[in-house]
Amino acid sequence: MSGPNRFQRQCRLLRHVAGVAWVCLALLLVLPYLVVPLTSLLARGDTSGHGWRDLLLAGVHVVPGAFYLWGLWAVRHALGELAQGRLFAAAVARALRQIGWAVMVGALFNLFAVTNLTRVIQHGRGGYAYFDLSGIMLVIIGAALVLLARLVEQARRMQAELDEIL
């Protein structure tokens, strides 16, 4: 099988894998952090406010994962574009930009907002920032993807201009 056809087939396969991963990760994110605590809270009829505070805290911890899921969905969309042979399509640049923003904002939220919101919700316990090497790397990688999206968009525009000339 030739190179481009093989590449497109691999993109289709990885798109399906990314879709399955998205569903599994969404369930792993929502079930233990939101569904189980909410059903437990409603079942015991907690009126003290502690259960709702725990649920709010769980919701704060879900936010970075929601951004990462958005990024994974953008990956899936980009793979679909590549599988159709659109290497410099506007959708690929848009997907790279979305992936970059999703990774960057999710990591920044995890590094700064989760720790501070946890401190507020738990009335003063917790740190001001979570200095995690992988989180810092994700912020930088996300920013790089946003810049690469600009480059892909510029290449797409240049290709369109060349196509008009020829």
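For the structure, see preceding data.
What comes next concerns the included structure.

This part covers the environment of Val-23. Assignment of secondary structure puts Val-23 in helix 1 (residues 3-44). Classification of Val-23 by relative accessible area gives partly exposed; the value is 43%. With 108 residues separating them along the chain, Val-23 and Phe-131 place their C-alpha atoms 29 Å apart.

Attention now moves to helix 1. Counted at 1.5 Å a residue, the expected span for helix 1 with its 42 residues is 62 Å, and the 60 Å between its end C-alpha atoms agrees. Of all bends in helix 1, the biggest is about 50°, found at Leu-31, and the proline Pro-32 comes one to four residues later. One or two steps after helix 1, the chain reaches Gly-45, where phi turns positive at roughly 60°.

Glancing now at the pattern of salt bridges. Two side chains that carry opposite charge are able to pair once their charged atoms sit near each other. Evaluated as defined, the whole model comprises three salt bridges. For Arg-86, the salt bridge is made with Glu-81, and the minimal N-O distance between the two is 2.7 Å. We classify Glu-81 as buried; its relative accessible area is 11%. Glu-153 serves as the salt-bridge partner of Arg-157, at 3.6 Å between the closest nitrogen and oxygen. Remark: Glu-153 and Arg-157 occur in helix 4 (residues 133-165); sequence separation between them is four residues, near one turn of the helix. Exposure remark for Arg-157: the relative accessible area of 45% places this residue in the partly exposed category. Salt bridges sharing common partners tie together Glu-153, Arg-156 and Arg-157.

What counts, and at which threshold
- Residues numbered from 1 in each chain as written.
- Predicted model: local features only at pLDDT ≥ 70, side-chain atom pairs only at ≥ 80, totals over all residues.
- Heavy atoms only, no water.
- Helix = DSSP H or I, 4+ residues; strand = E, 2+ residues; numbered from the N terminus.
- Buried < 20%, exposed > 50% of the residue type's maximum accessible area, 1.4 Å probe, protein only.
- Expected span 1.5 Å × (residues − 1).
- Bend = angle between axes of the 7 residues up to and from the residue.
- Salt bridge = Lys/Arg side-chain N within 4 Å of Asp/Glu carboxyl O.

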